[in-house]
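As a plain string of letters, each chain reads:
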Amino acid sequence: GKIRRGTGLNQMYAARWCLQMVEHQEAVVQSKHGGDWSYDWIVKTRLDYVWEAQHLPLHFFSKDFIWIPEGHDWGGLNDRHALIPRTPSTRKGIYAPSQIYLNGWSWLTCHQAVGTLREFFWEANLCEQPEASTAPCFNHEGWLWARTMAAHIKVARFPNMAWATCSNRSKDAWQGTHHDIDRCERYGRPYRYRFEHTGAVDMARCMRQ
């Protein structure tokens, strides 16, 4: 049969490396200066994002939540940009927000994914063509949503003021990505999604008023 290519596993593996680098740097500072020093936030974003206005200052955001932009959930949670508090684990769970967001890889390799899906999401089908797939079926955004729900991590939204460029073509990208890039290249526009670009421009204009 056909193999559905995608970058979800690559993204999760890279995110785990990001978390490990953060933890290593925190350990280095703690060993030199003592104490329990850690970063306040980890900001995860796309390299092909164009911002129509400056990012809102971090002191506007509560550390009780992982903050993500509005839109582009694809059945789960928007994974294009996130403000992730570097805070301890939640009262109900055993994982910190940064562990939940950035270490989805370990949930897969340590067999936690099966238990999580069986307990909470066995009937969920968030794939692009649900009629042609069998539940449980998750995209990258859906798997992020499942982890935050299972770990009782609260997620909040802020106005989106950025858009993805018509670039980042990868041979491993799923078919829809190639279709989107072919279309924006054909029409000579810099953005990948018209509705995302229009929404970001309008929101930035509103925030400046």
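This one's a predicted model, so the numbers in the text were calculated from it and none came from an experiment.

Chemist: Looking at this structure, how should I read the pattern of salt bridges?
Modeler: If charged atoms from side chains of opposite charge come close, those side chains can pair. Under the definition given, this model contains seven salt bridges. For Asp40, the salt bridge goes to Lys63, with nearest N and O atoms at 3.3 Å. Here Lys63 lies in the loop between strand E2 (49–51) and strand E3 (66–69) and Asp40 lies in the loop between helix H1 (8–33) and strand E1 (41–44), a separation of 23 residues in the sequence. Looking at Asp40, the relative accessible area reads 48%, which means it is partly exposed.

Chemist: Teacher, can you tell me more about the side chain of Ser98 here?
Modeler: In this structure, Ser98 sits in helix H2 (residues 97–102). Within the structure, Ser98 has its side chain in polar contact with the side chain of Arg86 (distance 2.8 Å). The contacts of Ser98, once residues within four sequence positions are left out, are Leu19, Ile42, Ile84, Pro85, Arg86 and Asn103.

Chemist: Any chance you could explain helix H5 (residues 140–150) here in plain terms?
Modeler: Residues spaced three or four apart along an α-helix face the same direction, because each turn holds 3.6 residues. Along H5, eight of the 11 residues are buried, which leaves the element largely enclosed by surrounding structure. Restricting attention to buried positions, one finds in H5 the residues Glu141, Gly142, Trp143, Leu144, Ala146, Arg147, Thr148 and Ala150. The secondary structure elements touched by the buried residues of H5 are H1, H2, helix H3 (104–109), helix H4 (112–121) and strand E5 (155–158). Downstream of H5 by one or two residues, His152 has phi in the positive range, about 60 degrees.

Chemist: Hey, could you run me through the packing of H4 against H5 in this one?
Modeler: The geometry of a pair of packed helices is captured by two quantities: the angle between their axes and the separation between those axes. One way to put it is that H4 packs onto H5 with a least axis distance of 11 Å and a crossing angle of 80 degrees. Classified by the angle between their axes, H4 and H5 sit roughly perpendicular to one another. The residues of H5 that touch H4, namely those facing Ala113, Thr116, Leu117, Phe120 and Phe121, are Trp143, Trp145, Ala146, Met149 and Ala150. When its residues are assigned to classes, the contact of H4 with H5 shows nine nonpolar, one polar and no charged.

Chemist: How should I be thinking about the packing of aromatic side chains in this particular structure?
Modeler: Centre distance and the angle of the planes are the two values used to describe a pair of aromatic rings. Inspection of the entire model under this criterion finds 12 aromatic pairs. Between Phe61 and Phe158, the aromatic rings sit 5.5 Å apart at their centres with planes inclined by 75 degrees, giving edge-to-face as the arrangement. With Phe61 in the loop between E2 and E3 and Phe158 in strand E5, this pair connects stretches of sequence that are 97 residues apart. Given a relative accessible area of 8%, Phe61 falls into the buried group. A centroid spacing of 5.8 Å and a plane angle of 45 degrees characterise the contact between Tyr193 and Phe195, whose relative ring orientation is tilted. Of the residues examined, Tyr193 reaches a relative accessible area of 8% and is grouped as buried. Phe195 gets classed as exposed once you look at its relative accessible area, which sits at 54%.

Reading the values: rules and limits
Residues numbered from 1 in each chain as written. Predicted model: local features only at pLDDT ≥ 70, side-chain atom pairs only at ≥ 80, totals over all residues. Heavy atoms only, no water. Salt bridge = Lys/Arg side-chain N within 4 Å of Asp/Glu carboxyl O. Helix = DSSP H or I, 4+ residues; strand = E, 2+ residues; numbered from the N terminus. Buried < 20%, exposed > 50% of the residue type's maximum accessible area, 1.4 Å probe, protein only. Polar contact = N/O pair within 3.5 Å; in protein donor to acceptor, adjacent residues only side chain to side chain. Contact = heavy atoms within 4.5 Å. Axes fitted to C-alpha atoms, helices over the stretch in contact; angles between N-to-C directions. Parallel < 35°, antiparallel > 145°, perpendicular 65-115°, else oblique. Nonpolar A, V, L, I, M, F, W, Y, C, P; charged D, E, K, R; others polar. Phe/Tyr/Trp six-rings, centres within 6.5 Å; stacked < 30°, edge-to-face > 60°.

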